[in-house]
Amino acid sequence: MKELILAMTLALPQGPGHPVKVYFPVEVDYPPKVAAVVRNAPTSGVARFAVEQFIAGPTKAERKKGLFSHLKLAGLSDCGGPDFKLTVKSGTARVRFCRTPYGPGHLADYAIKYSLERTLKQFPSIKKVVLANPDGTCAFSESGLPRC
């Protein structure tokens, strides 16, 4: 399966910090078409910042360029406030959502998963991405696996 990354990079004003790419869908398809936007992480916690920016979604200007995100989070956080916990171990990034993540359907769910994986795999230390619901089951998966 060939990946299509559109040649669209929108940059925020550069300043002190660390530039990271955040990928958002521009078309829900299989595979989804995604585009990168550049955001400036204020600290060296670039992977955490990239996930935060993905959850925040595209800016108004980015939405005007056709980027979108169907990611929604429901319920109260079981983490005491944050929307997710991120761990990186042995090349695997595990994002455990603290509120229930969902999208409007299977293709949109795949676009969410694909975009977030692409966002995290930009970092050389991350080779695999696991997305988990608050209860530990796989997020955006029809596998029925009890654990990710």
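Predicted model only: the values in this text are computed from it and were never measured.

A. Structural view of the state of the cysteines. Applying the stated criterion to the full structure yields 1 disulfide. Each sulfur of the disulfide joining cysteine 79 and cysteine 98 lies 1.8 Å from the other. On the sign convention where negative means left-handed, the S-S torsion of about -80 degrees between cysteine 79 and cysteine 98 marks this disulfide as left-handed. Pair noted here: cysteine 79 is in the loop between β4 (72-74) and β5 (84-89) and cysteine 98 is in the loop between β6 (92-97) and β7 (100-102), with a separation of 19 residues, a long-range link. A relative accessible area of 18% places cysteine 79 in the buried class.

B. Quick peek at the side chain of arginine 39. Its location among the elements puts arginine 39 in strand β3 (residues 33-41). Within polar-contact distance, the side chain of arginine 39 engages the side chain of glutamate 62 at 2.5 Å.

C. View of the packing of aromatic side chains. Considering all chains together, one arrives at 3 aromatic pairs under this definition. Look at phenylalanine 24 and phenylalanine 54: their rings are 5.6 Å apart centre to centre, the planes differ by 10 degrees, and that puts the pair in the stacked class. Placement of phenylalanine 24 in strand β2 (residues 18-27) and of phenylalanine 54 in helix α1 (residues 46-56) is noted, with a sequence separation of 30 residues between them. Considered together, phenylalanine 24 and phenylalanine 54 belong to a single accessibility category, that of buried residues.

About the thresholds
Residues numbered from 1 in each chain as written. Predicted model: local features only at pLDDT ≥ 70, side-chain atom pairs only at ≥ 80, totals over all residues. Heavy atoms only, no water. Disulfide = S-S within 2.5 Å. Helix = DSSP H or I, 4+ residues; strand = E, 2+ residues; numbered from the N terminus. Buried < 20%, exposed > 50% of the residue type's maximum accessible area, 1.4 Å probe, protein only. Polar contact = N/O pair within 3.5 Å; in protein donor to acceptor, adjacent residues only side chain to side chain. Phe/Tyr/Trp six-rings, centres within 6.5 Å; stacked < 30°, edge-to-face > 60°.

These values are about where atoms sit, not about what they do.
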